[in-house]
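Notes for the structure review
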Amino acid sequence: MSIDYISELNANQFAAVMYNEGPSLVIAGAGSGKTRVLTYKIAYLLENGYNPWNILALTFTNKAAREMKERIGKKVGERLAGRLWMGTFHSIFSRILRAEATRLGFTSKFTIYDTADSKSLIRSIVKEMGLNDKLYQPGNIQARISNAKNRLVLPSAYAASKEVCERDNADKMPAVRDIYSRYWERCRQSEAMDFDDLLFYTFILFRDFPEALEKYRAQFRYVLVDEYQDTNYAQHTIVSELSKLSRMLCVVGDDAQSIYSFRGANIDNMLDFPDMFPQTKIFKLEQNYRSTQTIVNAANSLIEKNERQIRKAVFSEKERGEAIGVFQAYSDMEEAQIVVNKIVEMRYSKGYEYADFVILYRTNAQSRAFEEAMRKRAIPYKIYGGLSFYHRKEIKDAIAYFRLIVNPNDEEAFKRVINYPARGIGNTTLGKIIDSAISRHVSLWQVIAEPATYGLDISKGTLSKLRAFRELIETFMEMQVEKNAYEVGVEVIRKSGIMNEILRGDTPEDMSRKENIEELANGMHDFCSERLEEGNTNVSLADFLSEVSLLTDQDLDKEGDDKKVTLMTIHSAKGLEFPNVFVVGLEENLFPSGMAESPQAMEEERRLFYVAITRAEEHCFFSYAKSRLRYGKMEFSSPSRFLRDIDTCYLSFPEEAGISAQVDERANNFRNKQRDRKIVFSPKPAASHTLKRVGVSSPSSASRSSSPLPDLQVGQMIEHERFGVGEVMKIEEAGDNTKATIHFRNAGDKQLLLRFARFKILNM
DNA sequence: CCGATACGCATTTTT
DNA sequence: TGCGTATCGG
């Protein structure tokens, strides 16, 4: 399996792939084949003396990691690709932290708190400290703590830092430092790490345990990082530490697409990279393979207006393409209509599919008008963002049970399920439990495990309710030793009363909650069977949790998504591409956002617009409305300054004539629409996250005992439940653990444990 | 302890 | 406008 690097890469890409003598910085313009460079480079390293486990490749999203792994798998085989240390910062670091947990005073079963957990814990701390929660808003505090952690500032250093504290004082929040310190301790007491801790503790691990640092330095002989412009200080520091001796560090990114500074991303990590790593070799990828010349040039003319950037000359050799159409509308409703009309028209006149269109906006609230316009004309669409699967109440409740079973010290999980479903343990009791726990420095669970020891002053009746609850969780805890995640999950859903609770009602919402729970169970089933099939026996509830807590809804594929118009914020469009892009709501105070006041913030908004434009392959359109409904009030707006940043020769305005009718008619129209707005309300279609439905049997028990191993021979064709049709390439006899290598038409080579695999043999 | 009603607030969000 | 949290009455 030899790869023809020279013919499959352009000169700069080739040079970047081949240079492996020291640190390198690949500045990759939009659509210039950044992922291509990374995949070929890793393939090249694998072909030239690197073992997969010697390579650490870090991304920001699971999706990016998955896709890259797949592409590498196609080149060098899944076997090798599967053993790469490739994943998100958070997932790779959590893997390391679970292995090294004891050094840091944790166990490998630590919980990962999501942002909601963090805020909820902060809310209780604020309350306990008797602070004014109008002043100390959980979200705000959480952001401050997160910032501190991203800058590797411990609570002690935070309290000692004049600068930070003065800022807190100025904002009338002098107690933030105390909240931070309490928050830190409470997380430790709960054996929990928040997202930022996954980075922070990795840093601490390497700082305080030289033998750990040495071990991982020796292992990761080559470190690669995708989207480097989005790294924060903590990530940057850890990566630097790891590659300090080997000096084999390759970072790839585009400073013009840095749009996450509000999350701590620091563009300087990229801009100053050559200064920080002496003898850095810089490669620039400037040929854009995605968009027409017009689109690339328009984007260039925009980004030129930014001060702070690495100058580059992105160019396209695709056709010139059409100018960017600019639409003016009188209201947000009309804007939506115009866009939808245009989509319909292009679909007929140019033969595009619905899936070839995306509507990009600055804020989620803007989606509503477009949703309505699409529904009216029966155009299929899908919307990204909003409530993710894992953030739905019923899912969080079920997962809270799982968390508590795996790590009973998990305070947030405890608080969530102690009285759900209602079992007569209210806030008063919970408050007492918390008080005891705090004063004795133990977890909530420890208090109810030994109420007498920790002086819990409650009535006999409540005490027995608590005991019942404890015993319930304890049965699950015993169960998880033997049974897999799916089996325990189903038991929990049944026995905890979650299912009863949900089955009580019969409103559409209740039905959807029921479906979601079923989906969760299906997801757990898939999790177990997928792993078992591939010979991975780590299918406990703890294994499931450690994976699921780092998943987002972006990681779930939805059924039938391939024939729909896409609606999303520009942020979530990063890394994607579409034939036709509508960038909507180009108005002052909306895009750029009214919150962007500093010049730096304005530059980031401009980069955001740059990202939006460069998603387009063939056609790009802009639109703005002169008035729009905001928070139920009408507001008037003027066109975005960004429209003036783009060289007018790439724009075409005639579209605006097409829509304006007589003034009277317009007003009339407008009034009608205002009326419609009230009458034509229908709820958002529930996003259907469809995990494939599978049999009701449990993955372990069903196939293990009853059915004998299928009689499979090399050369036979099979149809697998998930991977589709494939040919049997090889069979490794090993009794119960007989493995087959199957070459799937669409999924590539897979090794399956026959004992678990779900497929049928096709008759030829 | 639960549900109903009032109030206040409101970018973007890879993990 | 419309959601999520805070508070009150049963």
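About the criteria used
Per chain, residue numbering runs from 1 following the sequence as it is written. The naming scheme follows written order: chains are lettered A onward, ligands numbered 1 onward. Confidence filtering applies because this is a predicted model: local features only for residues at pLDDT of at least 70, side-chain atom pairs given and counted only at 80 or more, and all residues used for totals across whole chains, interfaces and linings. Just so you know, side-chain values use all the structure's heavy atoms and leave hydrogens and water out. Helix and strand definitions here come from DSSP, where helices need a minimum of 4 consecutive H or I residues and strands a minimum of 2 consecutive E residues; each element is numbered from the N-terminal end. One less than the residue count of a helix, multiplied by 1.5 Å, gives the span that helix is expected to have. Think of it in three bands: residues with accessible area under 20% of the maximum for their type are buried, residues over 50% are exposed, and the middle band is partly exposed, with areas taken using a 1.4 Å probe on protein chains only. Whenever a nitrogen or oxygen atom comes within 3.5 Å of another N or O atom, the pair is scored as a polar contact, on the condition that within protein one atom can donate a hydrogen and the other can accept it, and that pairs from neighbouring residues in sequence are kept only if both atoms are in side chains. In what follows, a contact means two residues having at least one pair of non-hydrogen atoms within 4.5 Å. Pairs of strands are assigned from DSSP output, requiring at least two bridges between the strands. Note on geometry: axes are lines fitted to C-alpha atoms, helical ones only across the stretch in contact, with angles between N-to-C directions running from 0 to 180 degrees. When at least one non-hydrogen atom of a residue lies within 4 Å of a molecule or strand, that residue is treated as near it. Residue polarity follows a fixed list, in which Ala, Val, Leu, Ile, Met, Phe, Trp, Tyr, Cys and Pro are nonpolar, Asp, Glu, Lys and Arg are charged, and the others, Gly among them, are polar. Relative orientations are named as follows: roughly parallel for angles under 35 degrees, roughly antiparallel for angles over 145 degrees, roughly perpendicular for angles from 65 to 115 degrees, and oblique for any other angle. We call a crossing left-handed when the near helix sits turned anticlockwise from the far one by less than a right angle, and right-handed when that turn is clockwise. Values of pLDDT, which run from 0 to 100, indicate the predictor's confidence residue by residue. With the strands pointing away from the viewer, any crossover whose connection runs clockwise from the first strand over the helix to the second is right-handed. Between rings of Phe, Tyr and Trp, where Trp is taken as its six-membered ring, a pair exists when centres lie within 6.5 Å; planes separated by under 30 degrees are stacked, by over 60 edge-to-face, and by other angles tilted. Only when the NZ of Lys or the CZ of Arg is both within 6 Å of the ring centre and within 35 degrees of the ring normal is a charge said to sit over the ring. In the sections that follow, a salt bridge refers to a side-chain nitrogen of Lys or Arg positioned within 4 Å of a carboxyl oxygen of Asp or Glu.

1. Regarding helix H11 (residues 176–189)
End to end, H11 covers 20 Å across 14 residues, agreeing with the expected 20 Å (1.5 Å per residue, within 8%). For H11, the complete set of buried residues consists of Val-176, Ile-179, Tyr-180, Tyr-183, Trp-184, Arg-186 and Cys-187. Just downstream of H11 lies Glu-191, where phi reads positive at about 50 degrees.

2. As for the side chain of Asp-226
Looking at where Asp-226 falls in the secondary structure, it is placed in the loop between strand E6 (222–225) and helix H14 (233–243). Looking at Asp-226, its side chain comes within polar contact range of the side chain of Lys-34, at 3.1 Å. Filtering out sequence-adjacent residues up to four positions away, Asp-226 remains in contact with Lys-34, Leu-38, Leu-58, Thr-59, Phe-60, Ala-64, Met-68 and Val-252.

3. Focus: the sheet that holds strand E16 (residues 616–625)
Here seven strands make up an open sheet; going across it, the order is E13-E14-E12-E15-E16-E11-E19 and the pairing parallel. Strands with a single pairing partner mark the edges of an open sheet, and in this sheet they are strand E13 (381–383) and strand E19 (651–652). In the packing of helix H17 (residues 293–303) onto the sheet, contacts are made with strand E11 (324–329) and E16, and the angle to E16 comes to roughly 50 degrees. Packing against the sheet, helix H18 (residues 332–350) makes contact with E11, strand E12 (357–361), strand E14 (565–569), strand E15 (578–583) and E16, and its axis sits at approximately 155 degrees to E16.

4. Overview of helix H25 (residues 485–495)
Judged by how many residues are buried, H25 sits mostly within the fold: nine of eleven residues are covered. Listed in full, the buried residues belonging to H25 are Ala-485, Tyr-486, Glu-487, Val-488, Gly-489, Val-490, Glu-491, Val-492 and Ile-493. Sitting at the head of H25, Asn-484 places a side-chain oxygen 3.0 Å from the backbone nitrogen of Tyr-486. Where H25 ends, the next residue or the one after it, Gly-497, has phi of about 95 degrees, a positive value.

5. Some words on the sheet that holds strand E3 (residues 85–88)
As summarised here, the arrangement of the six strands in space is E3-E2-E6-E7-E1-E8, forming an open sheet in which the pairing is parallel. The open sheet has two free edges, formed respectively by E3 and strand E8 (281–285), since each of these has just one partner strand. Taking the axes of each pair of neighbouring strands and ignoring which way they run, one obtains an average angle of 15 degrees across the sheet. Contacting strand E2 (55–59) and E3, helix H4 (residues 62–76) runs over the sheet at an angle of about 150 degrees to E3.

6. Remarks on the protein's contact with DNA strand B
In the vicinity of DNA strand B, 30 residues are found, and the nearest of them are Arg-263, Arg-362, Ala-422, Gly-426 and Thr-552. Near-protein atoms of DNA strand B (within 4 Å) split between backbone and bases, with sugar and phosphate holding 50%. Within the contact set of DNA strand B, a phosphate oxygen lies 3.3 Å away from a backbone nitrogen or oxygen of Asn-62. Here Thr-569 contributes a side-chain N or O atom positioned 2.5 Å from a phosphate oxygen of DNA strand B.

7. Observations concerning the protein's contact with DNA strand C
The environment of DNA strand C is formed by Asp-133, Arg-368, Tyr-631 and Gly-632. Within 4 Å of the protein, the contacting atoms of DNA strand C are 31% sugar and phosphate, with bases supplying the remainder. Tyr-631 has a polar backbone atom sitting 3.4 Å from a base nitrogen of DNA strand C. Backbone polar atom of Gly-632 to a sugar or linking oxygen of DNA strand C: 3.4 Å apart, as the coordinates give it. Looking at side-chain class alone, the surface near DNA strand C contains one nonpolar, one polar and two charged residues.

8. Points about the packing of helix H24 (residues 460–482) against H25
It is at 10 Å that the axes of H24 and H25 come closest, and there the two elements cross at 165 degrees. If you check the angle between H24 and H25, you find them roughly antiparallel. The two elements H24 and H25 meet at a crossing, and its hand is right-handed. Contact residues: Leu-472, Phe-476, Met-479 and Gln-480 in H24; Val-488, Glu-491, Val-492 and Lys-495 in H25. Considering only residue class, the contact of H24 with H25 consists of five nonpolar, one polar and two charged.

9. What to know about the confidence of the model for chain A
On average, residues of chain A carry a pLDDT of 86, and 89% of them reach 70 or more. Summarising per-element confidence for chain A, the mean pLDDT is lowest in helix H33 (residues 663–679) (36) and highest in E6 (98). Within the model, pLDDT remains below 50 along residues 655–708, and this stretch shows 84 contacts once partners closer than five positions in the same chain are excluded.

10. Here's the deal with the environment of Ser-240
Structurally, Ser-240 is set in helix H14. Residues Ser-240 and Val-223, 17 residues apart in the sequence, show an inter-C-alpha distance of 9.5 Å.

11. Here we look at the pairing of E15
With six of its six residues buried, E15 lies for the most part within the structure. Strand direction decides the pairing type here: E12 and E15, joined by four bridges, are parallel. Paired with Leu-360 across the bridge in E15 is Val-583. Following the chain from E15 across helix H30 (residues 599–613) to the adjacent parallel E16, one finds a crossover that is right-handed.

12. Quick notes on the packing of aromatic side chains
Considering all chains together, one arrives at 29 aromatic pairs under this definition. Ring geometry for Phe-206 against Tyr-216: centres 5.9 Å apart, planes inclined by 55 degrees, an arrangement best described as tilted. With Phe-206 in helix H12 (residues 195–208) and Tyr-216 in helix H13 (residues 210–219), this pair connects stretches of sequence that are ten residues apart. Note on Tyr-216: relative accessible area 3%, which makes it buried. Aromatic pair Phe-591 and Phe-609: ring centres 5.5 Å apart, planes at 75 degrees, arrangement edge-to-face. Remark: Phe-609 occurs in helix H30 and Phe-591 occurs in the loop between E15 and H30; sequence separation between them is 18 residues. Across the pair, exposure class does not vary: Phe-591 and Phe-609 are buried alike. Each member of the aromatic cluster is reached from another via a ring pair, and the members are Phe-106, Phe-110, Tyr-158, Tyr-180, Trp-184, Phe-200 and Tyr-201. A cation over a ring is seen here: Arg-95 above Trp-85, with NZ or CZ 3.7 Å from the ring centre.

13. Brief notes about the pattern of salt bridges
Side-chain pairs of opposite charge can arise whenever the charged atoms involved come near each other. A full pass over the atoms with the stated rule returns 41 salt bridges. A salt bridge links Arg-606 to Asp-645; its shortest N-O distance comes to 2.8 Å. Taken together, the residues span a long stretch of sequence, with Arg-606 in helix H30 and Asp-645 in helix H31 (residues 642–645) at a distance of 39 residues. Neither residue differs from the other here; Arg-606 and Asp-645 are each classed as buried. Where salt bridges share partners, they join Lys-34, Asp-226, Glu-227, Asp-230 and Lys-574 into one cluster.

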